[in-house]
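# Fold and contact review
One-letter residues, chain by chain:
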Amino acid sequence: MNRFASAFWVEMLKARRSKAPLLTAVAFTIVPVVGGLLMIILKDPEAARTMGLISQKSQLTVGTADWPAYFGVLQQSTAMGGTMLFAFVTAWVFGREFSDRTVKDILSLPTPRWAIIAAKFALTALWTLGLSLMAFLIGLAVGAAVDIPGWSPAVVSSGFETLMRIALLNYMLMPFVALFASAGRGYLPALGWAVFSFVAAQIVSLLGWGDWLPWSVPVLLSGMFGPAGAEQVGAHSTIMVSLAFLAGAGATLAWWQCVDHAR
Amino acid sequence: MGTAIETKGLSKVFGQVRAVDGVSLNVEPGEIYGFLGLNGAGKTTTIRALLGMIRPSAGSVRVLEQPVGPNGRGPWGRVGHLVEAPAAYPELTVRENLEIARRLQGLSDKRATSRAIEQLGLTPYADRKAGVLSMGNFQRLGLARALLHEPELLILDEPANGLDPAGVVEIRDLLRSLAREKGITVFMSSHILTEVDRLATRIGIIHQGHLVEELDSQEVEALRSRRLEIRARDLGAARDALTQAGYAPKADGGKILLDERRAIDSPDQVAALLVEAGTPPTRLAVEQQSLEDHFMHLTRREG
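Cut-offs and rules
Residues numbered from 1 in each chain as written. Chains lettered and ligands numbered in written order. Predicted model: local features only at pLDDT ≥ 70, side-chain atom pairs only at ≥ 80, totals over all residues. Helix = DSSP H or I, 4+ residues; strand = E, 2+ residues; numbered from the N terminus. Buried ≥ 20, exposed ≤ 12 C-beta atoms within 10 Å, placed from the backbone. Core = buried A, V, L, I, M, F, W, Y, C linked by C-beta atoms within 7 Å. Contact = placed C-beta atoms within 7 Å. pLDDT = per-residue confidence, 0-100. Nonpolar A, V, L, I, M, F, W, Y, C, P; charged D, E, K, R; others polar. Pairing = 2+ DSSP bridges.

Along chain B, the regular secondary structure elements total 11 helices and 14 strands. When the backbone C-alpha atoms are referred to their principal axes, chain B occupies close to 75 × 45 × 35 Å. Buried residues in chain B amount to 45% of all 303 residues.

In structure tokens, the structure reads:
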């Protein structure tokens, strides 16, 4: 029996039996729904005021209601909210072995530790990219229901590509969350790291150096800091994110392989 | 078959704390080795070193003739273990938890899960979530996981923890039959001295990180041996009378000890003898030294 396949089957079973996938799916559904509401408001602000969707004093009338703008909202929400939600998923996958005290049962087995860690990363990838894909598909349905103008296959294709690229970059930053969940033996250090890296990413992006900081790259790419910010992202940014991925994954594996598991 | 467990000068230091200090152990195949120690004596650290979970600061560990760790290296397909309190994924059923263990053990035989459930008496709870199990059944689940792949060596940390008296007897019988009938080696730590006393064929006592004593099967048996304790007003006269009658009395403080079978089986005859000799006993009792007495004496002496 393939060791990795066994470990992946185990991780899938643990996830399937948990409420966490459902909770994260519900949380991520908010992204296209809120985007759809925003489009309704932008399409006809006066009607939205009448319906009570926005206050009479609201200034939320800047922007256009079209598919590129809608995808922009989805991408920014994935970049910002995804950072925290993906971190929650990663913290859960890695940290639960400590909160359930099952870590001691997975260290001395014929299935090597690297296979278990690789399976956890694979599940995290499947889960987070699956959430992003789900948000995109729901976004298409919501967009169609709201009847946003400006649809074209090229716009959808470009919107999908950018969204999934942001999701992939966000996922590639998760090994550090896994490392904190492992070395910190639980969820809290991992979530603490996620908040810290999120805040640091905003500050460094504001300072104009975000294209060099891996944690800023998805936010910049999403257009959160304007078209100029998105244009900053280049090959060097992808390399930085890739290095962060390799460093985080390597450190996590090394931690599981080499440290004393005395607790 | 070679040694089941062999440690040479095993030491583990955590910062300023020397948790285990120069422990050299040899556990032979088929033995039930009881590993006794107070809380913090170094039992669990030793067990974690045996399982490659921690890297020794000094010394070596071999399990089933293979070097252990680092990087999780070891003969883990032939070893079953239960370290400290049992754990399980709470939202998964007993069967699913064991199915996870089966997959990670690389067992292709799907019946192994049902066999372990039956062996540990978990059939009524097989489809119950682990999170709602009683502590005793949770412990059984941990033991089932350790036994699932029919290992050659069982390394168990406090296997009787949380079990009710009937469960303790059941697990004791199970471990004994595994050792006798299947030749499985059992290395078990416990603070329940009576359990170790009843089950172990060899005992190691660890105190403050040092292996202070090892008792082989004969010494363990000797510990369990009974003796006749006699007290009298004139101990000298009583000893003389017993010697003249062919007994071999031993003085022990304010009492005389007889460990001959005829004295233990017929204390009434010893009493009659002493009465006839004009030195009647003030106390006459068949006593059995317990492992507990020995353990407490040893750990107090070592400080």
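Looking now at the nonpolar core. With 147 residues, the main nonpolar core has Ala91 and Val177 of chain A together with Ala144 of chain B as its most contacted residues. With 16 residues, the single largest contributor to this core is helix H4 (residues 67-99) of chain A. Dropping the residues within four chain positions of it, Ala144 of chain B is found in contact with Leu98, Ala116, Ile117, Gln119, Leu120 and Leu122 of chain B. Core analysis: the second largest hydrophobic core is formed by 12 residues, Ala232, Ala241, Leu242 and Leu274 of chain B among them.

Residues and elements named next belong to chain B. Chain-level statistics for chain B give a pLDDT mean of 88 and a share of 97% at 70 or above. Helix H2 (residues 94-105) holds the highest mean pLDDT among the elements of chain B, 96, whereas helix H11 (residues 291-302) holds the lowest, 71. ipTM for the predicted complex: 0.87, alongside a pTM of 0.85.

Of the residues lining the interface, 27 residues belong to chain A; the matching set on chain B comes to 30 residues. Per-element accounting of the side of chain A that touches chain B gives the leading share, six residues, to helix H1 (residues 3-16) of chain A. The class makeup of the residues in the side of chain A that touches chain B is 12 nonpolar, seven polar and eight charged.

Moving on: helix H7 (residues 174-183) of chain A. Residue and element names in this part refer to chain A. Taking burial as the measure, the 10 residues of H7 include nine buried ones, the bulk of the element. Taken together, the buried positions of H7 are Met174, Pro175, Phe176, Val177, Ala178, Leu179, Phe180, Ala181 and Ser182. Close packing links the buried residues of H7 with H4, helix H5 (113-146), helix H6 (153-172), helix H8 (187-207) and helix H11 (235-258).

Turning our attention to the pairing of strand S3 (residues 32-37) of chain B. Residue and element names in this part refer to chain B. Counting buried positions along S3 gives six out of six residues, so the element sits mostly inside the fold. Covered by surrounding structure in S3 are Ile32, Gly34 and Leu36 together with Tyr33, Phe35 and Gly37, the residues of both alternating faces. Where S3 lies against strand S8 (residues 185-190), five bridges are found, and the strand directions are parallel. Bridged to Gly34 within S8 is Met188. Pairing of S3 with strand S9 (residues 202-207) involves five bridges; the strand directions are parallel. Among the inter-strand pairings, Phe35 is bridged to a residue of S9, identified as Gly204.

Another point: the environment of Asp268 of chain B. Mapped onto the secondary structure, Asp268 of chain B falls in helix H10 (residues 267-276). For the pair Asp268 of chain B and Ala19 of chain B, spaced 249 residues apart in sequence, the C-alpha separation works out to 51 Å.

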